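Below, each chain spelled out in residue letters.
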2 protein chains.
Amino acid sequence: FRGLTDSGMEVIVAPRPGFSTASAHLGLRFGSVHTRFLDDSGEEVSVPDGSAHYLEHKLFEGKEEKVFDRFGRLGAQFNGGTGFHTTTYYFSTSRNFTESLDVLLDFVLNPLITEERVEKERGIIEQEVRMYEDDPGFRSHFLLHRALYSNLRLRVSPGGRVSDVKAITAADIQACYDAFYSPSSLCLVVSGDLNPDEIFEQAQLLTPAESGAMGQFLPVDEPEVVAEPWLEEEFPLARSRTLIGWRESVSPGTGELGLRRRLAAHFALDMLFGLSGRSHADLYDRGVVDDSFGHHYSDGPDHGYAAVVGSPENPESFVREIKNAATTFLARGVKGKNLERLKRAALGGLAGSLESPSALASALLGSRLRDEDPFAARSLISTVTCEEVDACARELLDPARSAVAVLRPSL
Amino acid sequence: FRGLTDSGMEVIVAPRPGFSTASAHLGLRFGSVHTRFLDDSGEEVSVPDGSAHYLEHKLFEGKEEKVFDRFGRLGAQFNGGTGFHTTTYYFSTSRNFTESLDVLLDFVLNPLITEERVEKERGIIEQEVRMYEDDPGFRSHFLLHRALYSNLRLRVSPGGRVSDVKAITAADIQACYDAFYSPSSLCLVVSGDLNPDEIFEQAQLLTPAESGAMGQFLPVDEPEVVAEPWLEEEFPLARSRTLIGWRESVSPGTGELGLRRRLAAHFALDMLFGLSGRSHADLYDRGVVDDSFGHHYSDGPDHGYAAVVGSPENPESFVREIKNAATTFLARGVKGKNLERLKRAALGGLAGSLESPSALASALLGSRLRDEDPFAARSLISTVTCEEVDACARELLDPARSAVAVLRPSL
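Reading guide: rules and limits
Residues numbered from 1 in each chain as written. Chains lettered and ligands numbered in written order. Predicted model: local features only at pLDDT ≥ 70, side-chain atom pairs only at ≥ 80, totals over all residues. Heavy atoms only, no water. Contact = heavy atoms within 4.5 Å. Buried area = accessible area lost by both parts, 1.4 Å probe. Salt bridge = Lys/Arg side-chain N within 4 Å of Asp/Glu carboxyl O. Polar contact = N/O pair within 3.5 Å; in protein donor to acceptor, adjacent residues only side chain to side chain. Helix = DSSP H or I, 4+ residues; strand = E, 2+ residues; numbered from the N terminus. Nonpolar A, V, L, I, M, F, W, Y, C, P; charged D, E, K, R; others polar. Domains from an automatic or database assignment. Pairing = 2+ DSSP bridges. Axes fitted to C-alpha atoms, helices over the stretch in contact; angles between N-to-C directions.

Structural notes on the interface of chain A and chain B
Now for step 1: Facing 50 residues of chain A, the contacting portion of chain B comprises 50 residues.
Now for step 2: Buried area between chain A and chain B, summed over both chains or domains, comes out near 4000 Å², and the portion from carbon and sulfur atoms is 54%.
Now for step 3: Where chain A touches chain B, the interface holds 0 salt bridges.
Now for step 4: On inspection of chain A and its partner chain B, the count reaches 15 residue pairs in polar contact (both at pLDDT 80 or more).
Now for step 5: For the side of chain A that touches chain B, the secondary structure elements donating two or more residues are strand S7 (87–93), helix H4 (115–133), helix H10 (278–285) and helix H12 (336–353) of chain A.
Now for step 6: With 10 residues, the top contributor of residues to the side of chain A that touches chain B is H12 of chain A.
Now for step 7: Of the residues assigned to the side of chain A that touches chain B, the class counts are 17 nonpolar, 19 polar and 14 charged.

Observations concerning the environment of Leu243 of chain B
Now for step 1: Residue placement: Leu243 of chain B occurs in strand S11 (residues 241–247).
Now for step 2: Note: C-alpha distance between Leu243 of chain B and Ala346 of chain B (103 residues apart in sequence) is 25 Å.

Topic: the domain arrangement of chain A
Residues and elements named next belong to chain A.
Now for step 1: Per the domain assignment, the segments of chain A are domain 1 (2–217) and domain 2 (230–409).
Now for step 2: Once you take the C-alpha centre of each, domain 1 and domain 2 turn out to be 28 Å apart.
Now for step 3: Contacts between the two partners involve 39 residues from domain 1, matched on the other side by 39 residues from domain 2.
Now for step 4: Regarding the contact of domain 1 and domain 2, the summed buried area is about 3100 Å², with carbon and sulfur atoms giving 70% of it.
Now for step 5: Taken as a group, Leu143, Leu144 and Leu148 account for 19% of the area that domain 1 buries against domain 2, more than any other trio of residues on that side.
Now for step 6: For the salt bridge of Arg139 with Glu233, the shortest nitrogen-to-oxygen distance reads 3.2 Å.
Now for step 7: Where domain 1 meets domain 2, there are 10 residue pairs in polar contact (both at pLDDT 80 or more).

Here's the deal with the sheet that holds S7 of chain A
Residues and elements named next belong to chain A.
Now for step 1: With mixed pairing, the 6 strands of this open sheet are ordered in space as S1-S2-S8-S3-S7-S6. The sheet is open, and its two edges are formed by strand S1 (2–4) and strand S6 (77–82), each paired on a single side. Within the sheet, the average angular offset between the axes of one strand and its neighbour, ignoring direction, is 15°.
Now for step 2: One ladder, built from 6 bridges, connects strand S3 (residues 22–28) with strand S8 (residues 186–192); its direction is antiparallel. Each bridged residue has a counterpart across the sheet, and for Ala24 the counterpart in S8 is Val190.
Now for step 3: Sitting on the sheet, helix H1 (residues 51–61) touches S6 and S7, and the angle it makes with S6 is about 160°.
Now for step 4: Lying on the sheet, helix H13 (residues 357–369) is in contact with S1, strand S2 (10–15), S3, S7 and S8; it crosses S3 at an angle near 20°.

In structure tokens form, the structure reads like this:
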């Protein structure tokens, strides 16, 4: 079931008969990278990094009672999260679903943001940001982002830096809320043993009759080349943490186009760096990579990049070896047999991963916030061709668009 | 640093200079499987499954204020968990560490358990248990435990069943607390940029001068053979979730002996089912396994078993194929070259995984609660021999001690 409330909120209900847990995920296309925008009256607004995350925390405070306490009394497990391009709020529960959905829509649509309340939260958020910065995985991830991108706000974690958190004002938060927390930018996905019509009616009742004007993101001017080919930081580690990233020159886009690109990139990287591939076996045998090695592809409306991570004693030789492996892989080309195997495995993994109402609702919301058809992946996978994966690998693994981030042991 | 307070609580401090976050993990050797014991006066006590978990929740309530609120005001992130054989409580924070450690020891050592307070929590815990039961991974895991074991309380999840939660009384919870929450059974591990002497002094001050008598677990009589060779349940899934388990006839033991066995078992299973092994490549090529396939080894003072999990369309042929792969693997024997590669990778993974104070404290506490030397793994890994892995594989993968658990699609 899929519909729009009068105010323009998208509502999707994915029935899962037989489950006693039901789950609701509410999200919007506003995240940490959106720090410059036109507000609903067309004025240009600029807020510090971390404002979207601060706003998320602020909403948790509720108008009269903390949101966690409200859900807790109903027996629902609740949380939220701020990403680069989206913010989400979600709960799962085996009883009081209707009441919990009331709370979810109420606290997001009816906040109370005051100077005093914003001040109260500052210490806690600073502390959260400091704790993230102590995590080597987190730190090296954003070091790579700063190596890859000159201006995109991906350079900074969704929470912002401590100095950002200190600078954020109630006015900044209110500006973000007014510009983007409008029913027409919200998407609600519900899954469980539920009646879609009842859910839609409830959503209709809980949202205002119409949606106000919306703000508009201002584009960030980002060069097509990496910011720094090699960036280092010291950190109290026993072994280095070394990342290599290869950025796309421009974003692969959203919708079906973006999804296709993401699939092709995943297949290419799995062949090259995946545990069952020939290159990986070779790197593993020679001790270049160990169990700490991993790879991923990340993309959004404004970016796309591939990355590998390892904990080598010697970052320089690790980088050389990995880049050589990429060159050898490109010279050999993509094998049809390998691709078929990866496609089968991906379809199998997909089938097994969306069983519970919570996992399903989360995946559906993620697709919608990227403007993808939630069920497109399944049918697209089989249509991806060898030539496509090969072309994607060649474009993506261009050494001229690669950068290295190293956390070097300071011990 | 390692010492005992006057009351017998073990205190370990692992300094991590340069980190702004510090972490404290407090644990004890009492978990969900300990439902029959002699109390401190030698009386036999029997409590419902789930009592240890209920007690954990009860402690969270605090004497006057909820523990989550106390930590929240200090800016510390707190949680706890009940396992089969242990219960742990832990926090991480970048400020107010001393105050947070006060709270941690205070709420664990000074609880208030009353009929009324126990009643209040019942609905929430029931709800938590119901939500777990909706998770196919969780359900199939305990289905396998029931197939493998006739009497061990591993048959039931740490939270118990809904009927257990309904049956637990304040007296049950108090009996567990009195028998096992004694300073001499507690272990505190702290990690961060901290002064060990100050931490020890604080722990000394916060614990009572002496420890009362301790309860004693009553052994469970468990046959050396599996309970049910094939167990099925229906569940609303698109594809089956199928697990195969191979149990040890008796527990591999704790301390260095248990650790050695665990290492050998891990290496054997990695060779057979690991993504870089020959058998896995073959199973993957032929479409028997896909990205949903995994394997693990689980052990404790009372048990040990190996398991694989997959989402096959046809559970029967999946089980046949996996068992054939095991037979072929045993016939071929363990290759020295493969073992060396796995050892190197394991050492590399180990080095990369214990960097943050929180990860380090958690790992150290885990080792201590299993009566292992926290740093033994590193040196033991290199001493594991081919013969040992081969013998372990032969013993462990005995078809006579295997059982299958299938969640079959009811859709």
